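Here is what each chain is made of, one letter per residue.
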Amino acid sequence: MKSNIEELLEVENRLKHENGRRMYERYQAIRLYLMGKSIQEITIILKRADKTIRTYINTYKEHGLDGLTMKFSTGKPPRLTAEQQAQLKQTIIDNLPHEVGFPTKFNWTLEIISLYIKREFGHDYSIRGVSKMMHRLELSYTKPTYTLEAADEEKQKDFVENTFPEVKKIDNGEISHILFEDESMIRDYQALQYTWFAKGKQRIIKTTGKHRGVKLLATVNYVTGEVVWQEEEQYTAVEFLAFLRKVTAAYPTGNIVMILDNARIHHAKLLEPFLKEMGGRLKFIFLPPYSPQLNVVEGLWKWLKSDVINNVFYHKVEEIRINIRAFMKNIMQDPVKIIDRLCVRMESNAIWENL
């Protein structure tokens, strides 16, 4: 029989490799139990009912860690077999409703899933029952995101698995600063997003219908979280060159790698004398075409728009500038927060994990 310490090491190892939310919670409960936490303390930490935690612990005592899997569940057996549940999940992931016999339906809803289950497997499920099953199958009701059709997945994969890791390896040797760079147009009204408001009503955002804004350039230091940014009236090689001078002045010593997209201004001949003047201290690494999700600065733009642009209409461009400056000043007071939100989150993003 394993000792308490051996069992604790085993459960911690399983936690490292467990992707399922429910099993992770069960292992976590046992880990806390083995560490001497009381059931009451565990219920507070995991925010689960006392009965649930007791069930986990009693199952563990009787069957060990392997007993925490669903095969020892005391609940009702599912009406769908494991194979049928797997088929259902894969159908939802791989197909749209109209592709499996529901004309003009392009989004999976609980009602359509219920109809699919009835048609394919002959079981009636309530909307609530379908919702519970979706959670058990680790599916969630989420908003889709766009990707650029022209993107080359092989090149993206090569950047994630080879190019960027190689850059990080020489961070403490030949390279002193790893910077991501990008540009963005911040308009006077950018987008609408969900917000709390009176029930049954909508917040009204007034607008003139015009599209004015501020053009920005920025770099994010992947290691330190430092942000260097600049406002411009337009995007040309002249403005980009001026920004490069600002960036290199911010990093007066050490070699710099700047990771950026393939915009025309980034390849302009106007830059060549400056790059020669730098004597190799500044090197560009270009992202694969159509890969904005691989650029840390894209996260900065989303953060900025979410905080000060979305759901707001600015009557004057100067009002946008004031709030942008306040936003930049505020976030740069806590570089660790920038690293956690932009750099760490980028590499833990599913886009990186799935490449």
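Residues numbered from 1 in each chain as written. Predicted model: local features only at pLDDT ≥ 70, side-chain atom pairs only at ≥ 80, totals over all residues. Heavy atoms only, no water.

Draft legend 1. Examining the nonpolar core more closely. Counting residues in each nonpolar core, the largest one holds 36 residues, and the members touching the most others are Val220, Ile259, Leu300, Ile324 and Met328. When residues of this core are traced back to their parent elements, those giving at least two are α8 (153–169), β1 (177–187), β2 (213–221), β3 (227–232), β4 (256–260), α11 (296–309), α12 (317–331) and α13 (335–348). At seven residues, the largest contribution of residues to this core is made by α11. Among all residues touching Met328, those that are not within four sequence positions of it are Val227, Trp229, Leu300 and Trp301. (Core = buried A, V, L, I, M, F, W, Y, C linked by side-chain atoms within 4.5 Å. Buried < 20%, exposed > 50% of the residue type's maximum accessible area, 1.4 Å probe, protein only. Helix = DSSP H or I, 4+ residues; strand = E, 2+ residues; numbered from the N terminus. Contact = heavy atoms within 4.5 Å.)

Draft legend 2. Region of interest: the pattern of salt bridges. Taken as a whole, this structure holds 13 salt bridges when the rule is applied. A salt bridge links Glu277 to Arg245, with the nearest nitrogen and oxygen atoms 4.0 Å apart. Of this pair, Glu277 sits in helix α10 (residues 272–277) while Arg245 sits in helix α9 (residues 237–250); the two residues are 32 residues apart in sequence, bridging distant segments of the chain. Classification of Glu277 as exposed rests on a relative accessible area of 56%. Several salt bridges converge on common partners, so that one network encompasses Glu231, Glu233, Glu318, Arg321 and Arg325. (Salt bridge = Lys/Arg side-chain N within 4 Å of Asp/Glu carboxyl O.)

Draft legend 3. Here's a closer look at the environment of Thr52. Mapped onto the fold, Thr52 is located in helix α4 (residues 50–63). Residue class for Thr52 comes out partly exposed when judged on its relative accessible area of 22%. Separated by 26 residues in sequence, Thr52 and Arg26 place their C-alpha atoms 9.5 Å apart.

Draft legend 4. Inspection of the packing of helix α2 (residues 21–34) against helix α3 (residues 39–46) at higher detail. Between α2 and α3, whose axes approach to 10 Å, the crossing angle comes to 140°. Put simply, α2 runs oblique to α3. Crossing angle aside, the handedness with which α2 passes α3 is right-handed. Here α2 contributes Glu25, Gln28, Ala29, Leu32 and Tyr33 to the contact with α3, which in turn contributes Ile42, Ile45 and Leu46. Looking at the contact of α2 with α3 residue by residue, the classes come out as six nonpolar, one polar and one charged. (Axes fitted to C-alpha atoms, helices over the stretch in contact; angles between N-to-C directions. Parallel < 35°, antiparallel > 145°, perpendicular 65-115°, else oblique. Left-handed = near helix turned anticlockwise from the far one by under 90°. Nonpolar A, V, L, I, M, F, W, Y, C, P; charged D, E, K, R; others polar.)

Draft legend 5. View of the confidence of the model for the protein chain. Residues at a pLDDT of 70 or more form 81% of the protein chain, whose mean pLDDT is 82. Element-level pLDDT for the protein chain is lowest in helix α14 (residues 350–353), with a mean of 45, against a maximum mean of 96 in α9. Note on residues 350–355: pLDDT is under 50 here. Beyond four places in sequence and across chains, it has 16 contacts. (pLDDT = per-residue confidence, 0-100.)

Draft legend 6. Spotlight on the packing of helix α6 (residues 110–121) against helix α7 (residues 127–136). α7 packs onto α6 with a crossing angle of 90° between their chain directions and a minimal axis gap of 9 Å. Relative to α7, the element α6 lies roughly perpendicular. Only Ile127, Val130, Ser131, Met133 and Met134 of α7 make contact with α6, whose side of the interface consists of Leu110, Glu111, Ile113, Ser114 and Ile117. Taken together, the residues that form the contact of α6 with α7 break down as seven nonpolar, two polar and one charged.

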